[in-house]
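What follows is the residue order along each chain.
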Amino acid sequence: MTALKTWATGYGVIHHSDQTRERIGALSARLVETGAASSEDLVYDALSAADRLASAAMWVVVHMTYARRVDLSGVALAAADFKSAPEGHAGGSLNVVPAYVGYLAANLLTAKTRGWILGQGHCVAAVEAVNCLVGNLTDRQAGRYGFSEEGINRLCTDFYGYEIDADGSASAPLGSHVNAHTAGGVSEGGYLGFAETQYVHMPVTGESLVAILSDGAFEEQRGGDWAERWWRAEDCGLVAPVMILNGRRIEQRTEIRQDGGAAWLARYLEVNGFDPIEIDGRDPAAFAWAVLETERRLTEAARSIEQGRAVYPVRLPFAIATTEKGFGFPGAGTNRAHNLPLEGNPHTDETARHSFNAGARALFVPFSDLSAARQTFMQHTAQQRDKEGSNTFATRNPDPPVLPARGPAPASSALAAMDHWFVSFVEANPNHRFRIGNPDELKSNQMGETLTRLRHRVNVPEEGSEESVHGSVITALNEEAVIGAALGNKAGLNLAVSYEAFAVKMLGALRQEVIFARQLMEAGRPPQWIGVPLIVTSHTWENGKNQQSHQDPTIGEALLGEMSDVARVIFAVDAATGVEALRQIYSARGVISCIVAPKRATPDVCTDAEARTAFETGVAPIENDPGASLQLVAIGAYQLVEARRAAARLRERGISVNVTIILEPGRLRSPRDRFEEEFVVSDQVIKSLFPRGLARLLVTHTRPEMMTGLLRRLDEGPAMFRAHGYLSRGGTLDAPGMLFANRSTWAHLIVSAAKLIGVPVETLLSPSELAAAVGLGDPEVLR
């Protein structure tokens, strides 16, 4: 039997449509013509091996879901061989197997290792099953799993095995989603829709990425619709987005299926600037063809633009892989297929057990055939390329950036100073690709110099505007889409700027990055991409011109709930601390930072040298009186202004006080594990900055309750510690009005200070001031 006929016959549940045969025929001829393959027989041999690898991997997936063991001879399993409580997102995983094997086949056929991202991370069983069969494993996995009955058995028992180590970490290098131990993985894929916003920003010129996406996630983030707006051959690598269109979510059909399926989606994609390509989502050869065809079309489009025969935008090829959920196993196409496709548990139900064994029999590949297919896919050394587990995207380590000094600047606010410095940062790093995530108000947020230098990326620039076909500012009134640009560009340098209140819409994307980065640290492979700062401004205390929806400190509070060594939350108070915050993050690796900074003018309190010193501990003493009886602690620029006003009044009344700012509260927390312990300051440093026995009054940008919980190391009890902050009160108010509404003015601090130090408040405030502070007088007297 010829190689072509062997492949064309298919294998098990895998068949090749006439369309796929025709496409593969043309591809095979082209690979030989270009020298990528020495003969068409070798192409067909590789695709035949892909059929067998895919069938075997689907067999492993269903065993991972239901069984405690496998039998490589194909013997039917007995009741005791099954798990008492199966789990596994089996349907989606079965659909991902042909896609992932197709990705491997594309690499094999072209002797090129591409990167991959899986948007539906809960389908990781597909990736882990294939990787186990072809030996594409991370170090911890290699000692546990492998191409043997014992290795595959361990894979099955570890999957949803829930074993935990004494330190509280998972025992198995395997999870329900892509994790730090998944060879070649770059994102958990737990938050559906974020891979769609990132993939176009991930490869730089010369690189290639395959994005495996889902029709369920299509309903999540709009940002994926705009990928064609951002792709430019001059600074983007090749991307091959492939959507698995299986037509089902968890409980019902997807919206795409309800609206008309692949034909409807193709029309939708065309309207949004894509070039839709429908393929057979049950066939690994179809996926391999789609990857290579997408790259061919993109390359030709780039050549046409370079030669002046076309202009941007390129119609971005987008493969639609039609299939049914759970294809290849009983229960396919039903709602059950999402997780457990069988109607019962094979451990206790004879009918379900019969269905499992029949379904597994259809997927079974004899060991000798599978061994041969495995060897076909293990030619990395001969082809002089990396294994997929070591692909470029999973091992990012860009050159360190040049960090210029702040230098003189006509700065009127922290944001203006940060803007001025950032432009010098851009100029100092011409070899790095920049991405600025901007939900529409860069200039009004005092980042006008940055916009002028880098410009909005658009397809057709408006005359006289700050727009360019090749701009680096990714602007859309969609927070999820623009943060995807910054998070996707791990080969380069990034920044995102947002209203504080609306940055909370970015939280899922940020949290997914933080979690994955931390997992990599714990796995002994700390990420080496350059830190990504998110500046949040027009913030709670200076956005009173808008209603209370615009007054929300949640983003910083939420990120302070994550591990502070990888999620760094900084409250800049002036130009020097704002610029130094950026310098700190760009000198770090694998961290996400939220920098809360004022866009309006606030007093300068630190020199550049003082700011650098302050970041060694996250704290800076601002005013120190000998023999102080009270320490005023401020977190935030407007809070520092009020604390200093309160301190001035107390000194007028003969009371000595200290004023201290906390720039990075996470440095002061009680550490929760060994990594955070290395990041936080020592007890000795705490005692030197916050002396024991000294009454302490905190005024914070955030809600006071969460910050007092975070700063337990500073709190000696209610008689010695009080806190003011955002009380979830606001409206259309100016900054003094916001401070008053939330009982955070200097006078409110005086009332609390009097109680802490045991002084009659009437000796510290005038009658009208006191009346205002307790809610009985005119607030205007406190301005």
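See the structure shown above.
Residues numbered from 1 in each chain as written. Predicted model: local features only at pLDDT ≥ 70, side-chain atom pairs only at ≥ 80, totals over all residues. Heavy atoms only, no water.

A. Structural detail: the overall build of the protein. Within the protein, the regular secondary structure consists of 30 helices and 18 strands. With 783 residues in all, the protein has 62% of them scored as buried. Pairs at least 24 apart in sequence give 77% of the contacts found in the protein among residues at least 6 apart. Accessible surface, the protein: about 28,400 Å² in total, of which carbon and sulfur atoms supply 49%. Between the averaged position of the 74 positive side-chain charges in the protein and that of its 91 negative side-chain charges there is a distance of 1 Å. (Helix = DSSP H or I, 4+ residues; strand = E, 2+ residues; numbered from the N terminus. Buried < 20%, exposed > 50% of the residue type's maximum accessible area, 1.4 Å probe, protein only. Contact = heavy atoms within 4.5 Å. Areas by Shrake-Rupley, 256 points an atom, 1.4 Å probe, with all protein chains shown as cover. Lys, Arg positive; Asp, Glu negative; His and termini not counted. Charge placed at Lys NZ, Arg CZ, Asp CG, Glu CD.)

B. Seen up close, the sheet that holds strand 17 (residues 695-700). Strand order in the open sheet made by the 5 strands is 14-16-15-17-18, with mixed pairing throughout. Looking along the sheet, the strands with just one partner apiece sit at the ends: strand 14 (619-623) and strand 18 (721-724). Taking each pair of neighbouring strands and ignoring which way they run, the sheet shows an average axis angle of 20 degrees. The pairing of strand 15 (residues 630-635) with strand 17 spans 6 bridges and is classified as parallel. Bridged to I635 within strand 17 is T700. Of the strands in this sheet, strand 14, strand 15, strand 16 (657-662) and strand 17 touch helix 24 (residues 637-652), which is tilted by about 175 degrees from strand 16. (Pairing = 2+ DSSP bridges. Axes fitted to C-alpha atoms, helices over the stretch in contact; angles between N-to-C directions.)

C. Layout of unusual backbone geometry. Here Y312 and P313 are connected by a cis peptide whose omega angle stands at 10 degrees. Checked against the element boundaries, P313 lands in the loop between helix 12 (284-306) and strand 5 (316-322). If you check the backbone angles, H89 has positive phi at about 45 degrees while not being a glycine. Tracing the backbone through its elements, the reader meets H89 in the loop between helix 3 (40-66) and helix 4 (90-110). Residue classification places H89 among the buried positions, given a relative accessible area of 17%.

D. Just the packing of aromatic side chains, in detail. Under the counting rule described, the total for this entry stands at 24 aromatic pairs. Judged by centre distance (6.0 Å) and plane angle (70 degrees), the rings of Y160 and Y162 are edge-to-face. Seen in terms of ring centroids, F425 and F434 are 5.8 Å apart; in terms of plane orientation they differ by 85 degrees. Their pairing is edge-to-face. For F425, a relative accessible area of 0% translates into the label buried. Taken together, W421, F422, F425, F434 and Y586 form an aromatic cluster joined through their ring pairs. Just above the ring of Y312 sits the side chain of R232; from NZ or CZ to the centre is 4.8 Å. Across from the ring centre of W529, 5.4 Å away, lies the NZ or CZ of K490, which sits over that ring. (Phe/Tyr/Trp six-rings, centres within 6.5 Å; stacked < 30°, edge-to-face > 60°. Lys NZ or Arg CZ within 6 Å of the ring centre and 35° of its normal.)

E. Seen up close, helix 29 (residues 746-757). Helix length check: helix 29, at 12 residues, gives a terminal C-alpha distance of 16 Å against a target of 16 Å (1.5 Å per residue), a fit within 8%. Judged by how many residues are buried, helix 29 sits mostly within the fold: 10 of 12 residues are covered. Residues W746, A747, H748, L749, I750, V751, S752, A753, A754 and L756 constitute the buried set of helix 29. Packing partners of the buried residues in helix 29 comprise strand 15, helix 24, strand 17, strand 18, helix 28 (735-741) and helix 30 (767-773). After helix 29 finishes, the residue G758 shows a positive phi value of roughly 70 degrees. (Expected span 1.5 Å × (residues − 1).)

F. Looking closely at the packing of helix 22 (residues 575-586) against helix 23 (residues 608-617). Two elements in contact, helix 22 and helix 23, have axes separated by 9 Å at closest approach and are oriented at 50 degrees. Taken as axis vectors, helix 22 and helix 23 run oblique relative to one another. Judged by the sense of rotation from one axis to the other, the crossing of helix 22 with helix 23 is right-handed. Contacts between helix 22 and helix 23 pair A576, T577, E580, A581 and Q584 from the former with D608, A611, R612 and F615 from the latter. Here the contact of helix 22 with helix 23 is built from residues that sort into 4 nonpolar, 2 polar and 3 charged. (Parallel < 35°, antiparallel > 145°, perpendicular 65-115°, else oblique. Left-handed = near helix turned anticlockwise from the far one by under 90°. Nonpolar A, V, L, I, M, F, W, Y, C, P; charged D, E, K, R; others polar.)

G. The side chain of T745, seen in detail. Assignment of secondary structure puts T745 in the loop between helix 28 and helix 29. What makes T745 buried here is its relative accessible area of 5%. Separated by 2.6 Å, the side chains of T745 and H748 make a polar contact. Ignoring sequence-local partners within four residues, the contact set of T745 consists of E642, L739, F740 and L782. (Polar contact = N/O pair within 3.5 Å; in protein donor to acceptor, adjacent residues only side chain to side chain.)

H. Structural detail: the sheet that holds strand 3 (residues 238-245). With parallel pairing, the 5 strands of this open sheet are ordered in space as 1-2-3-5-4. The strands lining the two open edges of the sheet, one partner per strand, are strand 1 (115-118) and strand 4 (274-280). Strand-to-strand, the axes of this sheet are offset by a mean angle of 20 degrees, without reference to chain direction. Taken together, the 7 bridges between strand 4 and strand 5 define a ladder with parallel strand orientation. Of the residues in strand 5, the one forming a bridge with P276 is F318.

I. Structural detail: the state of the cysteines. Using the criterion set out here, one finds 0 disulfides in the structure. Note on C123: no disulfide assigned, nearest cysteine sulfur contributed by C156 at a separation of 17 Å. A disulfide-free cysteine, C132 has its sulfur positioned 8.5 Å from the sulfur of C156, the nearest such atom. (Disulfide = S-S within 2.5 Å.)

J. Just the environment of T660, in detail. One can find T660 in strand 16. The exposure class of T660 is buried, given its relative accessible area of 2%. The sequence separation of T660 and R644 amounts to 16 residues, and the corresponding C-alpha distance is 9.6 Å. Non-local contacts of T660, meaning those with residues more than four positions away in its chain, are made with V619, A620, P621, I622, Q631, L632, V633, A634 and F690.

K. Representation of the pairing of strand 2 (residues 208-214). By the criterion of burial, strand 2 is predominantly enclosed, with 7 of the 7 residues buried. Side chains S208, V210, I212 and S214 of strand 2 all project onto a buried face; the interleaved residues L209, A211 and L213 project onto the opposite face, where all are buried too. Here 4 bridges tie strand 1 to strand 2, and the two strands are oriented parallel to one another. Bridging from a neighbouring strand, G115 pairs with L209 of strand 2. Sheet analysis places strand 2 next to strand 3, joined by 7 bridges and oriented parallel.

L. Representation of the environment of P665 in the model. Relative to the helices and strands, P665 is located in the loop between strand 16 and helix 25 (674-679). Considered as a pair, P665 and R568 are 97 residues apart in the sequence and their alpha carbons are 8.9 Å apart. When residues no more than four places from it in sequence are discounted, the contact partners of P665 are V569, F571, I635, M707, L710 and L711.

M. Quick look at the nonpolar core. Membership of the largest hydrophobic core comes to 97 residues, with the highest contact counts inside it found for V97, L133, F356 and F377. Counting residues per element, this core draws most heavily on helix 3, which supplies 17 residues. F356 has contacts with V62, H63, Y66, L77, F82, F329, L342 and P346, leaving out every residue within four places of it along the chain. Membership of the second largest hydrophobic core comes to 81 residues, among which are V314, V469, L689 and F690. (Core = buried A, V, L, I, M, F, W, Y, C linked by side-chain atoms within 4.5 Å.)

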